[in-house]
Amino acid sequence: MAEAPTLETPRLTLAPFSDEHLTERYVGWLQDPDVVRYSEQRHRTHTLESCRQFAASFADGPSHLWAIIENKQGLGHIGNINSDVDAANRTADVAVMIGEKQAWGQGLGFEAWNAVLDYLLGPGAMRKVTAGTMAENKGMLAIFEKSGMTEEGRRKKQFQLLDREVDAILVARFAET
Ligand SMILES: CC(C)(COP(=O)(O)OP(=O)(O)OC[C@H]1O[C@@H](n2cnc3c(N)ncnc32)[C@H](O)[C@@H]1OP(=O)(O)O)[C@@H](O)C(=O)NCCC(=O)NCCS
């Protein structure tokens, strides 16, 4: 993995993902329909080995995978956040999963998200950070808005979510120039 720094926020540590984070707890998040409802992972079955392979895909190249560790309530590893970096264009696409449902709705997803954006658009030397989600994922859309990302595109009916055709919303934030 490209050298990703540990990022500290008031309630979280974002630690470079390592073997200690490869646990059945993590696999369990990917098997929980509530957690993967708006993710393409909903079509897949995950195991420790598939998680190991995903983590290993960050071993070479400029992209980053962080484990999100909650420090105040003793929740420990609650999710992951990753940035897929296009070094030539100085862009990064970010995705987050808070897998521990007891951690939802406390602003922790936003706290992790904003820390990663600030890092990428600051010391990480990216010009532009992008992300995308389903138009029905209200939590993610709220995080986009709160973190200063704005819509730059919409792919009509990109996803099949149960019996519905759902748009993909694409957002971005630029480094301040
Ligand atoms: C989406 C997700 C990251 C939100 O994380 P979270 O820590 O619960 O969100 P936060 O507590 O930081 O909330 C941020 C904002 O979103 C809003 N929000 C969060 N979940 C919401 C929901 N289900 N419906 C409506 N608003 C929601 C909050 O009210 C808050 O807005 P506010 O500050 O204006 O009140 C988390 O639920 C998650 O990881 N889900 C599963 C994986 C996933 O969907 N990832 C994204 C795939 S693209």
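Scroll up to find the structure this text is about.
Quick notes on the rules
Residues numbered from 1 in each chain as written. Predicted model: local features only at pLDDT ≥ 70, side-chain atom pairs only at ≥ 80, totals over all residues. Heavy atoms only, no water. Helix = DSSP H or I, 4+ residues; strand = E, 2+ residues; numbered from the N terminus. Buried < 20%, exposed > 50% of the residue type's maximum accessible area, 1.4 Å probe, protein only. Axes fitted to C-alpha atoms, helices over the stretch in contact; angles between N-to-C directions. Parallel < 35°, antiparallel > 145°, perpendicular 65-115°, else oblique. Left-handed = near helix turned anticlockwise from the far one by under 90°. Contact = heavy atoms within 4.5 Å. Nonpolar A, V, L, I, M, F, W, Y, C, P; charged D, E, K, R; others polar. Phe/Tyr/Trp six-rings, centres within 6.5 Å; stacked < 30°, edge-to-face > 60°. Lys NZ or Arg CZ within 6 Å of the ring centre and 35° of its normal.

> Describe the environment of Gly79, listing the residues and the values that go with them.
Within the secondary structure, Gly79 sits in strand S4 (residues 76-86). With a relative accessible area of 0%, Gly79 lands in the buried category. Between the alpha carbons of Gly79 and Glu100 there is a distance of 6.8 Å; along the sequence they are 21 residues apart.

> Which residues make up the packing of helix H3 (residues 108-121) against helix H4 (residues 138-146), and what values go with them?
Two measures define how a pair of helices packs: the angle their axes make with one another and the distance between the axes. In contact at an axis separation of 10 Å, H3 and H4 are set at 45° when each is read in the N-to-C sense. The angle between H3 and H4 places the two elements in the oblique class. At the point where H3 passes H4, the crossing takes the right-handed sense. Where H3 abuts H4, its residues Gly109, Phe110 and Trp113 lie against Met140, Ile143, Phe144 and Lys146. A per-class count over the contact of H3 with H4 returns five nonpolar, one polar and one charged.

> Quick one: what's the story with the packing of aromatic side chains, residue by residue and with numbers?
Ring pairs (aromatic) are described by centroid distance and by the angle formed between their planes. Counted under the stated rule, the structure contains five aromatic pairs. Consider the rings of Phe17 and Tyr26, whose centres lie 5.7 Å apart with planes at 70°: the pair is edge-to-face. Between Phe54 and Phe58, the aromatic rings sit 5.1 Å apart at their centres with planes inclined by 80°, giving edge-to-face as the arrangement. A residue is classified by how much of its surface remains accessible, and Phe58, at 3% relative accessible area, is buried. Above the ring of Phe110, the side-chain terminus of Lys146 is found at 4.4 Å from the ring centroid.

Shape is all these values report; function is a separate question.
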